[in-house]
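Descriptive analysis of the structure
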Amino acid sequence: TKLCALDDKNFNQNLSSFSASQISNADRLQPLLPEHPAYFIYTSGSSGQSKAVMGTHAALLNRIQWVNCRVPWSENEVTLSRSSIAFVDASTECLAPLCLGRTVHLCSDQEKNDPLAMIDLMRRYKVFRVNLVPSLIPSWIDSIRHHSEGLHGNLIISGEYLSPALALDVSQCFSNCNIFNFYGMTETCGDSSFVQYKRFDAQSKEQTCDTIGDSISNTTLYILDTQLNAVCGQEIGEIYIAGKGLA
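The following refers to the structure shown. (Residues numbered from 1 in each chain as written. Predicted model: local features only at pLDDT ≥ 70, side-chain atom pairs only at ≥ 80, totals over all residues. Heavy atoms only, no water.)

This part covers the sheet that holds strand β7 (residues 177–183). Read from one edge of the open sheet, five strands run β5-β6-β7-β8-β9, paired in mixed fashion. Strands with a single pairing partner mark the edges of an open sheet, and in this sheet they are β5 (129–132) and β9 (214–215). Two strands pair when backbone bridges link them, and β5 and strand β6 (residues 153–157) are joined in this way by four bridges, in the parallel orientation. The residue bridging L132 from the neighbouring strand is I157, located in β6. (Pairing = 2+ DSSP bridges. Helix = DSSP H or I, 4+ residues; strand = E, 2+ residues; numbered from the N terminus.)

Below, the structure written as structure tokens:
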């Protein structure tokens, strides 16, 4: 099998040795099927030892199709990509717009760690969506509280716990943006559920409640007890996820 390493200094020369034509099943050892691997990626190891996860084409396509239906890309929309391709969120942050023929700007390390530089990029390229993890949000809010005027679009938050108080701070800072909180894990192709916060009211318990929202397409969430029985209201259980997104 011919390989082409992206960090090889002769990358461009090596790339030219590959055919530019579309790969077909005749070029493969066997036909490509939905259950075949699309990627292998490591978990963060937050619950123990890091492990490799195989994501399937079916799971990846399901996630990309869902996010485009829920938060569709406009015809000429540009996306800022902050995540490493080795991070599961890169599938919707980078691969999803590319699959739709949209433009992706790969942020430099300096840009992705500078909130004001990111705001400048959003204005320069007319970016209408950005992905953040909750732990980065306080520094963003402190830096851009007086620089976010006129920003419209979609702010997607995922990867960590988003508290109602922090979500309220985000909505006040990005008052013209739709705010989404995605919940999931590497073993489920990144996202399994979502909640959308359009506008926050400090007096509204409904909009600031602690929730992971509704399941995404072709995904079912169960809350089960230690005997794998469904729990009743107000009972404590664990989340079990079923559907196309499973690794």
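The rest of the description comes next.
Enumeration according to the criterion identifies three aromatic pairs in this entry. With centroids separated by 6.3 Å and ring planes inclined at 65°, the aromatic side chains of F180 and F182 adopt a geometry described as edge-to-face. F182 carries the same exposure label as F180, and that label is buried. (Phe/Tyr/Trp six-rings, centres within 6.5 Å; stacked < 30°, edge-to-face > 60°. Buried < 20%, exposed > 50% of the residue type's maximum accessible area, 1.4 Å probe, protein only.)

If you walk through the whole model with that rule in mind, you get six salt bridges. Here E187 ties to K51 by a salt bridge, and the two come within 3.1 Å at their closest N and O atoms. With E187 in the loop between β7 and β8 (193–197) and K51 in the loop between β1 (37–42) and β2 (52–56), this pair connects stretches of sequence that are 136 residues apart. What makes E187 partly exposed here is its relative accessible area of 25%. The class of K51 is partly exposed, set by a relative accessible area of 39%. In this structure, K112 engages D109 in a salt bridge whose closest nitrogen and oxygen atoms are separated by 3.8 Å. Taken together, the positions of K112 and D109, both in helix α4 (residues 109–112) and three residues apart, correspond to about one turn of that helix. (Salt bridge = Lys/Arg side-chain N within 4 Å of Asp/Glu carboxyl O.)

Okay, unusual backbone geometry next. Backbone geometry places K126, a non-glycine residue, at a positive phi of 55°. Residue class for K126 comes out exposed when judged on its relative accessible area of 57%. The backbone of L228 sits at a positive phi, close to 65°, despite the residue not being glycine. Along the chain, L228 turns up in the loop between β10 (219–224) and β11 (238–243).

This next bit is on the pairing of β7. Every regular strand shows the same layout, with side chains that alternate between the two sheet faces. Among the seven residues that make up β7, five are buried, leaving the element largely enclosed by the rest of the structure. Pairing analysis gives five bridges linking β6 to β7, with the strands arranged parallel. Bridge pairing in β7 links I157 to N181. Each parallel crossover has a hand, and for β6 linked through helix α7 (residues 164–173) to β7 it is right-handed. (Right-handed = clockwise from strand over helix to strand, strands pointing away.)

Among the surface-exposed residues, I85, L95 and L98 lie close enough to one another that they form a single nonpolar patch of about 270 Å² accessible area. Residue placement: I85 occurs in the loop between β3 (78–81) and α3 (90–99). (Patch = residues over 30% accessible without salt bridge, like charges linked within 9 Å, V, L, I, M, F, W, Y side chains within 5 Å. Areas by Shrake-Rupley, 256 points an atom, 1.4 Å probe, with all protein chains shown as cover.)

Since the α-helix advances by 3.6 residues per turn, residues separated by three or four positions end up pointing in the same direction. For helix α5 (residues 115–124), the set of buried residues is P115, M118, I119, L121 and M122. Down the axis of α5, the buried side of the element spans an arc of 160°, and every buried residue falls inside it. On its buried face, α5 sits against β3, β4 (103–106), α4, β5 and α6 (137–144). For α5, the side-chain oxygen to backbone nitrogen distance between the N-cap and L116 is 3.1 Å, and the N-cap itself is D114. (Arc of directions from axis to C-beta. Contact = heavy atoms within 4.5 Å. Polar contact = N/O pair within 3.5 Å; in protein donor to acceptor, adjacent residues only side chain to side chain.)

Take it as geometry only, folks, not as evidence of what the structure does.
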